[in-house]
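Understanding the architecture of this molecule
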Amino acid sequence: MIVAVSVLFFTVLLSGWLVRFLPQNNQRWLKLLLAFSGAYLFALTILHILPDVLLSTQDPHRVGFYILAGFFLQLVLEVFSQGVEHGHIHAHPQGNGHHHHHGGSVPVLLLTSLIIHSFLEGSVMVQSRMAAQQAHEHLHHHAHIGDNFYHILAGIALHHIPAAIALMSVLVTQLHSFKKAFGYLLLFAIASPLGLLFSNYVALEKLLSGEAYTVLSGLVVGNFLHISTTILFETSPEHRFNRGKLLATLAGALIAIGAGML
C-alpha cells in the first residue's frame, strides 16, 4: 500500500516539476508518451479491469449502464478540465470558474474535475484486490482475477505523467509563478492516493458486502475508455500514418497484454 501511494503521489510531483526543464515549443515527445499511455490504458481496461467488474456481479448486464455513466461523467468533467487529463495544454483556459489569487487566477473547476477524476482512479486499485477475494469465494475458477493491482497502478501512473505536465503548464501560465503552481499541483497529486486509502480503510466493508464495488468499477471503466480512446484518436489526426506513434501505441498495448500473462 505504501508503494502504491508513493508511486501515485511522486509520479505527479516529478512530472509537474519537469515542466521547468522541458521544451515547450516541441511537444513531439509528449505525443509519443500519450500514444503509449493511451494504448496501455485501453488494453488494461479491456483485458483486466472490465473482466474484474463483470465477474464481481450476478447480473453482468447492469455493468453496461455503469460503464456508460462513467463514460459520460468523464465527458462532463472534460468540459471543465478542457482535456488536461489526457495531455491538452491550454495557455488561457476560459470559463473555468477562475478564482483570483495574487497576480493570477486559479482554474478552480479545472482542478476540481481533475481531483474527482483522479480520486476515482485511485479507488479502483483497491477494488481489484477485493475482486480477488470475491472471485476466490464465489468463482474459484477465476481466482487469479486480483493479480492486476500493480498493472493498474502502472497504467494510472503513466496516465498521470502527461496530465501533470499539462496541468502544471496551465497553472504556471495562469499564476505566473512556478512555486504557486506547484502548491496547487499537490492537490492533484494527493487525489489518487486518497481514493486508494478511502476504499481500502474507510469503505472496504461496504464495498465488499454490496453492489458499490461493481458501480464504482463500472464508472472507472467508462472513465478509462473515454480517456484512452480520446488519446488514441487525437494522436492520429486525420488518420495520418506516423511511425513513431504507431510503435508507441503497439508497445503500450503489447506491454498490457504481456502483463496479463505473467
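Residues numbered from 1 in each chain as written. Predicted model: local features only at pLDDT ≥ 70, side-chain atom pairs only at ≥ 80, totals over all residues. Heavy atoms only, no water.

**Remarks on the overall build of the protein chain**
Here is the rule we go by: Starting at the N terminus, helices and strands are each numbered in turn, a helix being any DSSP run of H or I of at least four residues and a strand any DSSP run of E of at least two. In this analysis, two residues are considered to be in contact whenever any of their non-hydrogen atoms come within 4.5 Å of each other. Note on areas: these come from Shrake-Rupley sampling with a 1.4 Å probe, and a residue is covered only by the protein chains present in the view.
Along the backbone of the protein chain there are 9 helices and 2 strands. Helices and strands in the protein chain line up, N terminus first, as α-α-α-β-β-α-α-α-α-α-α. Taking the contacts inside the protein chain whose residues are at least 6 apart along the sequence as the reference set, 83% of them involve residues at least 24 apart. As displayed, the protein chain has an accessible area near 12400 Å², and 69% of this comes from carbon and sulfur atoms.

**Let's talk about helix 2 (residues 28–54)**
Note the threshold: To estimate how far a helix should reach, multiply one less than its number of residues by 1.5 Å. Two axes are fitted around each residue, one to the seven residues ending there and one to the seven starting there, and the angle between them is reported as the bend at that residue.
Here helix 2 is 27 residues long and its end C-alpha atoms lie 38 Å apart, about the 39 Å a rise of 1.5 Å per residue gives. For helix 2, the principal kink sits at Thr45 and spans about 45°.

**Remarks on the nonpolar core**
Within soluble globular proteins, side chains that are nonpolar generally end up buried alongside one another. Operational definition: We define the nonpolar core as a collection of buried residues of types Ala, Val, Leu, Ile, Met, Phe, Trp, Tyr and Cys that are connected through side-chain atoms lying within 4.5 Å of one another. Residue burial is assigned from relative accessible area. The probe radius is 1.4 Å, only protein chains are included, and a residue is buried under 20% of its type maximum, exposed over 50%, and partly exposed in between.
Judged by nonpolar contacts, the single largest core of 51 residues is most densely connected at Ile49, Met125, Leu167, Leu185 and Phe188. Where this core is concerned, the elements lending two or more residues are helix 1 (2–17), helix 2, helix 3 (63–81), helix 4 (108–138), helix 5 (149–175), helix 6 (178–202) and helix 8 (212–234). Sort the elements by how many residues they give to this core and helix 5 lands first, with 13 residues. Once residues lying within four places of it in the same chain are set aside, the contact partners of Phe188 are Val12, Leu114, Ile115, Ser118, His160, Ala163, Ala164 and Leu167.

**Comments concerning the confidence of the model for the protein chain**
Quick reminder of the rule: pLDDT: the predictor's confidence for each residue, scored from 0 to 100.
Averaged over the protein chain, the pLDDT score is 78; the fraction of residues at 70 or greater is 73%. The low-confidence segment residues 91–103, where pLDDT is below 50, has 34 contacts with residues more than four positions distant or belonging to other chains. Taken together, the stretch residues 138–146 has pLDDT below 50 and engages in 15 contacts with residues farther than four places along the chain or on a different chain.

**Focus on the packing of helix 3 against helix 8**
The criterion, for reference: Axis angles are defined between N-to-C directions and span 0 to 180 degrees, where every axis is a line fitted to C-alpha atoms and, for a helix, only to the segment in contact. Any angle that falls under 35 degrees is termed roughly parallel, while one over 145 is termed roughly antiparallel, one within 65 to 115 roughly perpendicular, and all others oblique. A crossing counts as left-handed when the near helix is turned anticlockwise from the far one by less than a right angle, and as right-handed when that turn is clockwise. Side-chain classes follow a simple rule in which Ala, Val, Leu, Ile, Met, Phe, Trp, Tyr, Cys and Pro form the nonpolar group, Asp, Glu, Lys and Arg form the charged group, and the remainder, Gly included, forms the polar group.
Between helix 3 and helix 8, the least distance of the axes is 6 Å, while the angle of their chain directions is 50°. One finds that helix 3 runs oblique with respect to helix 8. Relative to helix 8, helix 3 is oriented so that their crossing is right-handed. Only Thr214, Val215, Gly218, Leu219, Val221, Gly222, Asn223, Leu225, His226 and Ile227 of helix 8 make contact with helix 3, whose side of the interface consists of Val63, Tyr66, Ile67, Ala69, Gly70, Phe71, Gln74, Leu75 and Glu78. For the contact of helix 3 with helix 8, the class distribution of residues is 11 nonpolar, 7 polar and 1 charged.

**Brief notes about the packing of aromatic side chains**
The condition is simple: Each Phe, Tyr or Trp ring, with Trp reduced to its six-membered ring, pairs with another whose centre is within 6.5 Å; inter-plane angles below 30 degrees give stacked pairs, above 60 give edge-to-face pairs, and intermediate values give tilted ones.
Applying the stated criterion to the full structure yields 6 aromatic pairs. On the numbers, 4.9 Å between centres and 70° between planes, the contact of Trp17 with Phe21 is edge-to-face. Classification of Trp17 as partly exposed rests on a relative accessible area of 40%.

**Some remarks on a nonpolar patch on the surface**
Let me state the cut-off plainly: The residues that make up patches have over 30% relative accessible area and no salt bridge, and they are joined within 9 Å when like-charged or within 5 Å when they are Val, Leu, Ile, Met, Phe, Trp or Tyr. Only one rule defines a salt bridge in this text: a Lys or Arg side-chain nitrogen within 4 Å of an Asp or Glu carboxyl oxygen.
Residues Phe42, Ile46, Leu47, Leu246, Leu247, Leu250, Leu254 and Ile257 make up a contiguous nonpolar surface patch of about 690 Å² in total accessible area. Counting residues per element, the ones that place at least two in the nonpolar patch are helix 2 and helix 9 (243–261). Among the elements that take part in the nonpolar patch, helix 9 stands out by supplying 5 residues, more than any other. Tracing the backbone shows Phe42 in helix 2. Looking at Phe42, the relative accessible area reads 32%, which means it is partly exposed.

**Digging into unusual backbone geometry**
Phi is positive for His176, which is not a glycine, with a value near 55°. Assignment of secondary structure puts His176 in the loop between helix 5 and helix 6.

**What to know about helix 3**
An α-helical turn contains 3.6 residues, so any two residues separated by three or four positions project in the same direction. Using the following cut-off: In this context, the arc is that of the directions from the helix axis out to the C-beta atoms.
When the terminal C-alpha atoms of helix 3 are compared, their 26 Å separation across 19 residues agrees well with the 27 Å that a helix rising 1.5 Å per residue should span. By the burial criterion, the buried members of helix 3 are Val63, Tyr66, Ile67, Gly70, Gln74, Leu77, Glu78 and Ser81. Viewed end-on, helix 3 has its buried residues packed into an arc of 120°, placing them on one side of the element. Exposed positions of helix 3 whose direction lies more than 90 degrees from the buried face are Phe65 and Val79.

**A word on the side chain of His117**
Convention followed: A 3.5 Å cut-off defines polar contacts: any pair of N or O atoms within that distance qualifies, except that in protein one atom must be a possible hydrogen donor and the other a possible acceptor, and neighbouring residues in sequence count only when both atoms are side-chain atoms.
Relative to the assigned elements, His117 resides in helix 4. For His117, the side chain forms a polar contact with the side chain of Asn223, separated by 3.2 Å.

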